[in-house]
Amino acid sequence: MSTTQANPEFNLALVGAGITSLTLSVALTSLGIKHTIYEQSSSLNELGAGLGFGPNAARALKVIDPDLYKIFERVGTFAGKASQPQAETAKPVWIEFLSGTASLSDQTSAAPSFTVYATHGKGHAAVHRAKWLDILASRVTAPIIFSKRFQSLTQPNAANSEVEIHFADGTTVHHSGVIGCDGVKSKVRTALFPEAKCTYSGKYAYRCLAPLSEAAALLGEGRAGVSSLWMGPSAHLLTFPVLNFLNMVCFVTDSTPTWPSNSTSLTVPTTKADAIRDYTNAGFSSTVLALLNMIPDNDSTLIKWGLFDLADNPPPRYWLNRAMIIGDAAHASTPHHGAGAGFGMEDVAVLKGLFQELLELGGGVQDLEHVFAQFDASRRERDQWLVQSSRRAADLYELRLGEMSIEEMRRDIETRQEICWGFDVEGCVTEAKKGLRARLGGSA
Ligand SMILES: Cc1cc2nc3c(=O)[nH]c(=O)nc-3n(C[C@H](O)[C@H](O)[C@H](O)COP(=O)(O)OP(=O)(O)OC[C@H]3O[C@@H](n4cnc5c(N)ncnc54)[C@H](O)[C@@H]3O)c2cc1C
């Protein structure tokens, strides 16, 4: 470690103001680390409706900020809560998997093909995305500068001891380090590793909310109140309750391998008729089509969400000199494990632990690269596993993995979800701290 023991004067830049960035901001503020958030949009925004957090994400929140965890407990719609009042003692359902091509009347009392249960105690919950972002924002005290689109950066050099950040509006700022939290199409990632490109996974999703009461009238209260995944060829539909709504994420395998070439955005406007046509073409049952029919007519907010990921061109590492990437910027994934944001929470818990350790050891800005390098060593392998495994999960839900018995499918999903949920967040933080100590020349 550098011999300077002075109290470090950090002045970090966080690029992007999504879930990862705002949570990181709360963590950095708790350590007294100064930072500024730069967001390209003119205000905070979250598209889509429900966001599922597994027990790994819940544990990470506890590490990041116990108060934030308590709020999560209060506002989350917990697995099995709606249909199983005794779920505190019973094993709650994570997802019931059903045939999407057989109508409800063909299935004995809508019996699932198989069920995957939530493990690792209470912790599986869905939060309302926009409301969760508002909660995070209310806890952020660092400045958020809007309408600032990151364009490029210049690393410290002989003439300049700080990172220079260049924005699309032609302005420049200086910071001791940069943390790219700018999501799937991260410009910070491109600046560091141009070869790490996000590509279209060949799947898109419609996302919408329907009144839970309407869904219960259609499916019965038990089915509407529990997370269900309707499987079928070239599409699958995930439904779960969030507050008084049924959140519907309608995944479709695209018949063309390219996202509309005229769209630089991850989303394109669409219509209810498009969604119904896709599911009709994929051979889904009248029950699933009736679910899609609950999408309000003329819903001008309905969007088709292109699913991009880093599976084909992952970043070779997460940092370069004084800049690093975290959250979707580092591990953009398709959402088939429902865990992308949760892994971002794990990232934040580990990065918080590393900064905490750095401060305790009396390290400073000059040691930032060690923090970033250790973060990469602690997180990249697990994060990139998610990216690959998520693609495979979609193939399984859409019955593309050849002959598999129901039992084999259930075991396969359980094994992968266990890797997501069973992760020892606290242990990872402890190991990361040890690693940092070793890098700084102290004893591990
Ligand atoms: C259909 C779907 C369902 C999902 N379901 C789940 C789920 O149930 N559970 C789960 O854990 N995860 C889920 N995910 C994944 C989850 O949404 C993401 O992992 C999470 O939102 C990533 O957060 P982030 O803060 O890293 O990135 P983002 O939320 O993308 O935030 C990035 C921010 O950076 C800003 N930005 C971008 N570029 C720039 C720039 N150049 N300059 C300045 N600012 C910039 C953006 O405007 C944005 O505000 C799902 C994803 C999808 C698509």
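For the protein, the name recorded in an unreviewed UniProt entry is Salicylate hydroxylase, with Cladorrhinum samala as its organism. Reading the Sequence similarities (unreviewed entry) entry of the UniProt record for the protein gives the comment "Belongs to the paxM FAD-dependent monooxygenase family."

(A) Seen up close, unusual backbone geometry. Even without glycine at this site, asparagine 321 takes up a positive phi of about 50 degrees. In this fold, asparagine 321 is placed in the loop between β19 (319-320) and β20 (323-325).

(B) Seen up close, the environment of valine 15. Turning to its location among the elements, valine 15 is positioned in strand β1 (residues 12-15). When its relative accessible area of 3% is taken as the criterion, valine 15 is described as buried. Taking the C-alpha atoms as reference points, valine 15 and glutamate 39, separated by 24 residues in sequence, lie 6.3 Å from one another. Ignoring sequence-local partners within four residues, the contact set of valine 15 consists of Tyr38, Phe150, Val178, Ile179, Gly180, Cys181, Asp182 and Val188.

(C) Just the pattern of salt bridges, in detail. Per the counting criterion, the structure on display carries 24 salt bridges. Its salt-bridge partner being lysine 70, residue aspartate 67 comes within 3.9 Å of it at the nearest N-O pair. Of the two residues, aspartate 67 and lysine 70 both sit in helix α3 (residues 66-75), three residues apart, roughly one turn of that helix.

(D) Seen up close, helix α12 (residues 368-397). In this model, α12 (30 residues) spans 42 Å end to end at C-alpha, consistent with the 44 Å of a helix rising 1.5 Å per residue. Within α12, the axis deviates most sharply at arginine 379, by approximately 45 degrees.

(E) Up close: the side chain of serine 228. Relative to the assigned elements, serine 228 resides in strand β14 (residues 228-232). Assessed through its relative accessible area of 0%, serine 228 is described here as buried. A distance of 3.2 Å separates a polar side-chain atom of serine 228 from the backbone oxygen of valine 226. Here serine 228 is in contact with Ile95, Glu96, Leu98, Arg223, Leu237, Leu238 and Thr239, once residues within four sequence places are set aside.

(F) Representation of the packing of helix α1 (residues 19-30) against helix α4 (residues 129-139) in the model. α4 packs onto α1 with a crossing angle of 30 degrees between their chain directions and a minimal axis gap of 9 Å. When the axis of α1 is compared with that of α4, the two are roughly parallel. Read as a crossing pair, α1 and α4 show a hand that is left-handed. Packed against α1, whose contacting residues are Ile19, Leu22, Thr23 and Val26, the element α4 presents Leu133, Leu136, Ala137 and Arg139 at the interface. Here the residues of the contact of α1 with α4 sort into six nonpolar, one polar and one charged.

(G) Summary view of the packing of aromatic side chains. By the definition in use, this model includes 17 aromatic pairs. For the ring pair tryptophan 94 and tryptophan 421, a centre distance of 5.0 Å and an interplane angle of 80 degrees mean the geometry is edge-to-face. You can see tryptophan 94 sitting in strand β5 (residues 93-99) and its partner tryptophan 421 sitting in helix α13 (residues 406-421), a full 327 residues away along the chain. An aromatic cluster is defined as three or more aromatic residues linked by ring pairs; in this entry it consists of Phe53, Tyr69, Phe72, Phe78 and Trp132. One residue, arginine 382, lies across the ring of phenylalanine 423, its end atom 3.8 Å from the ring centre.

(H) Focus on the sheet that holds strand β4 (residues 77-78). Read across the sheet, three strands follow the order β3-β7-β4 without closing on themselves; strand pairing throughout is antiparallel. Looking at the sheet topology across the chains shown, the edges are occupied by β3 (50-53) and β4. For β4 and strand β7 (residues 125-128), the ladder comprises two bridges, and the chain directions are antiparallel. Looking at the pairing, threonine 77 lines up with alanine 126 of β7. In the packing of α4 onto the sheet, contacts are made with β3 and β7, and the angle to β7 comes to roughly 80 degrees.

(I) Structural context of the domain arrangement of the protein. What the domain assignment lists for the protein is domain 1 (12-78 + 125-198 + 311-439) and domain 2 (200-309). Domain 1 puts 30 residues into the contact, and the matching count from domain 2 is 27 residues. Buried area between domain 1 and domain 2, summed over both chains or domains, comes out near 2,300 Å², and the portion from carbon and sulfur atoms is 64%. Across the salt bridge formed by arginine 391 and aspartate 309, the nearest N and O atoms sit 2.7 Å from each other. Inspection of the domain 1/domain 2 interface yields seven residue pairs in polar contact (both at pLDDT 80 or more). Looking at the side of domain 1 that touches domain 2 element by element, the count peaks at five residues for α12. Its residues assigned to classes, the side of domain 1 that touches domain 2 shows 15 nonpolar, seven polar and eight charged.

(J) View of the nonpolar core. Counting 77 residues, the largest nonpolar core has Leu12, Phe53, Phe72, Trp132, Ile179, Leu351 and Phe355 as its most contacted members. The greatest single-element share of this core, amounting to eight residues, is contributed by helix α11 (residues 340-360). Excluding residues that lie within four positions of it along the chain, isoleucine 179 makes contacts with Leu12, Ala13, Leu14, Val15, Leu24, Met324, Ile326, Leu351, Phe355 and Phe372. Grouped together as the second largest cluster of nonpolar side chains are 64 residues, Ala126, Cys198, Ala215 and Leu386 included.

(K) Region of the structure containing the environment of threonine 190. With respect to the secondary-structure elements, threonine 190 resides in helix α5 (residues 187-192). Residue class for threonine 190 comes out partly exposed when judged on its relative accessible area of 40%. Between the C-alpha atom of threonine 190 and that of tyrosine 397, which follows or precedes it by 207 residues, the distance is 32 Å. At 3.0 Å, the side chain of threonine 190 forms a polar contact with the backbone oxygen of serine 186.

Basis of the calculations
Residues numbered from 1 in each chain as written. Predicted model: local features only at pLDDT ≥ 70, side-chain atom pairs only at ≥ 80, totals over all residues. Heavy atoms only, no water. UniProt positions renumbered as here; feature names shortened; annotations may be inferred. Helix = DSSP H or I, 4+ residues; strand = E, 2+ residues; numbered from the N terminus. Buried < 20%, exposed > 50% of the residue type's maximum accessible area, 1.4 Å probe, protein only. Contact = heavy atoms within 4.5 Å. Salt bridge = Lys/Arg side-chain N within 4 Å of Asp/Glu carboxyl O. Expected span 1.5 Å × (residues − 1). Bend = angle between axes of the 7 residues up to and from the residue. Polar contact = N/O pair within 3.5 Å; in protein donor to acceptor, adjacent residues only side chain to side chain. Axes fitted to C-alpha atoms, helices over the stretch in contact; angles between N-to-C directions. Parallel < 35°, antiparallel > 145°, perpendicular 65-115°, else oblique. Left-handed = near helix turned anticlockwise from the far one by under 90°. Nonpolar A, V, L, I, M, F, W, Y, C, P; charged D, E, K, R; others polar. Phe/Tyr/Trp six-rings, centres within 6.5 Å; stacked < 30°, edge-to-face > 60°. Lys NZ or Arg CZ within 6 Å of the ring centre and 35° of its normal. Pairing = 2+ DSSP bridges. Domains from an automatic or database assignment. Buried area = accessible area lost by both parts, 1.4 Å probe. Core = buried A, V, L, I, M, F, W, Y, C linked by side-chain atoms within 4.5 Å.

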